[in-house]
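# Structural overview
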Amino acid sequence: MDLIKVNQEKCIKCGICAEVCPTGTIGLDENGPKAIEPFCIACGHCVAICPTAALDNAKAPLVNQISLKKVPVLDEDMAAIFLRSRRSVREFKRKVVARESIQQLLNIARFAPTSSNSQGVSYLVIDDSQTLSSITAVIVDYWEEALKQPPWSETPYAAHLKAHIANYRKTGRDVILRDAPCLIIPIVDKNLTVGKDNTYYSLAYAELYAPSIGLGTCITGFFDGCAASGYKPLLEILKLPGNMQVTGGLMAGYPKYTYQRLVDRNPLQVIWR
């Protein structure tokens, strides 16, 4: 099958498709655009940018793209508030999140940019309360032992982590997953070298989109560290396919509280050359 097809009646031979192709796969001659290299990353730039909808790509079909009559653009003040208002949520309502809502959230997360359009991020979603409790328990076990020896015993966070664990042991309070009703676990093929980077992009999209459907989220630092170590009791609960690995985690649920102000950060530091 030919990689690209061109409707000659519509094509105005502007060459924009060739210009925006990141891999140089598309060239241009007197007859219009054509594939000159076999390497296509299926990014869809060529099809999406064509002003006359004259070009189709077998790896990014025109039929699967949505026409944009006018791209909505937030003004600078609204965009700044939108981005700055994202908060890590660690207190959730005792309310089950519909799986349809998580599906909607992740269906946006999958559109995050990835290295060379490699994508490759799948998601294991756990919303069973007993399984979530079991995950918290084994992660506490892991950190309790990890903090007894370097490098974790020497970090400035060691005392803080130990206090969290002591709190859990004494009160049963979930200091790991914060009683979130849902845990989203990105997983990638072990051979995908950019899998962790791709994961962070997808989670950033999920965190920014979540408030629009009433959800709050928080990155799972304690979970991530335990999973990255290959801790067997945790992996036994997750039951991942042998070729897959965990590359992150995201708690999700309905926020118990609403933040009233935008928080400041360290002053901007820029070096110009």
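For the structure given in this document, a descriptive report is provided here. (Residues numbered from 1 in each chain as written. Predicted model: local features only at pLDDT ≥ 70, side-chain atom pairs only at ≥ 80, totals over all residues. Heavy atoms only, no water.)

### A closer look at the overall build of the protein
The helix and strand inventory of the protein stands at nine helices and nine strands. Counting only residues that meet the buried cut, the protein has 34% of its 273 residues in that class. Once the 30 positive and 26 negative side-chain charges of the protein are each reduced to a mean point, those two points are 6 Å apart. (Helix = DSSP H or I, 4+ residues; strand = E, 2+ residues; numbered from the N terminus. Buried < 20%, exposed > 50% of the residue type's maximum accessible area, 1.4 Å probe, protein only. Lys, Arg positive; Asp, Glu negative; His and termini not counted. Charge placed at Lys NZ, Arg CZ, Asp CG, Glu CD.)

### A closer look at the packing of helix α5 (residues 129–146) against helix α6 (residues 158–171)
For the pair α5 and α6, interaxial distance at closest approach is 10 Å and the crossing angle is 135°. Between α5 and α6, the crossing angle belongs to the class labelled oblique. Taken as a pair, α5 and α6 cross one another with a handedness that is left-handed. Of the residues in α6, those touching α5 at Thr136, Ala137, Val140, Asp141, Trp143 and Glu144 are Leu161, Ile165, Tyr168 and Arg169. Tallied by class, the residues present in the contact of α5 with α6 amount to six nonpolar, one polar and three charged. (Axes fitted to C-alpha atoms, helices over the stretch in contact; angles between N-to-C directions. Parallel < 35°, antiparallel > 145°, perpendicular 65-115°, else oblique. Left-handed = near helix turned anticlockwise from the far one by under 90°. Contact = heavy atoms within 4.5 Å. Nonpolar A, V, L, I, M, F, W, Y, C, P; charged D, E, K, R; others polar.)

### Observations concerning a nonpolar patch on the surface
Where nonpolar side chains cluster on the molecular surface, the patch consists of Leu74, Met78, Phe82 and Leu83 and spans about 400 Å² of accessible area. Looking at where Met78 falls in the secondary structure, it is placed in helix α3 (residues 76–84). (Patch = residues over 30% accessible without salt bridge, like charges linked within 9 Å, V, L, I, M, F, W, Y side chains within 5 Å. Areas by Shrake-Rupley, 256 points an atom, 1.4 Å probe, with all protein chains shown as cover. Salt bridge = Lys/Arg side-chain N within 4 Å of Asp/Glu carboxyl O.)

### A short note on the side chain of His164
Mapped onto the elements, His164 comes out in helix α6. For His164, a relative accessible area of 16% puts it in the buried group. If sequence neighbours within four positions are ignored, His164 has contacts with Val175, Arg178 and Phe222.

### Regarding the layout of surface pockets
By volume, the largest pocket is sized at about 800 Å³. Every residue lining the largest pocket is counted, 20 residues in all, and those nearest its centre are Ala42, Cys43, Gly44, Gln65 and Phe111. By residue number, the principal contributor to the lining of the largest pocket is helix α2 (residues 45–49), which donates three residues. A breakdown of the residues in the lining of the largest pocket according to their chemical character gives 11 nonpolar, seven polar and two charged. (1 Å grid on protein atoms, 1.4 Å probe; cavity = no way out; pocket = protein on both sides within 12 Å on 5 of 7 lines; lining within 4 Å. Points joined across faces, edges and corners; volume = space filled by probe spheres on them.)

### Focus: helix α4 (residues 99–109)
Where α4 is concerned, the buried positions are Ser101, Ile102, Leu105, Leu106 and Ala109. For α4, the angular spread of the buried residues around the axis is 130°, confining them to a single face. Facing away from the buried surface of α4 by more than 90 degrees, the exposed residues are Glu100 and Gln103. Buried residues along α4 sit in contact with β5 (122–126), β6 (182–189), α7 (195–209) and β9 (250–253). (Arc of directions from axis to C-beta.)

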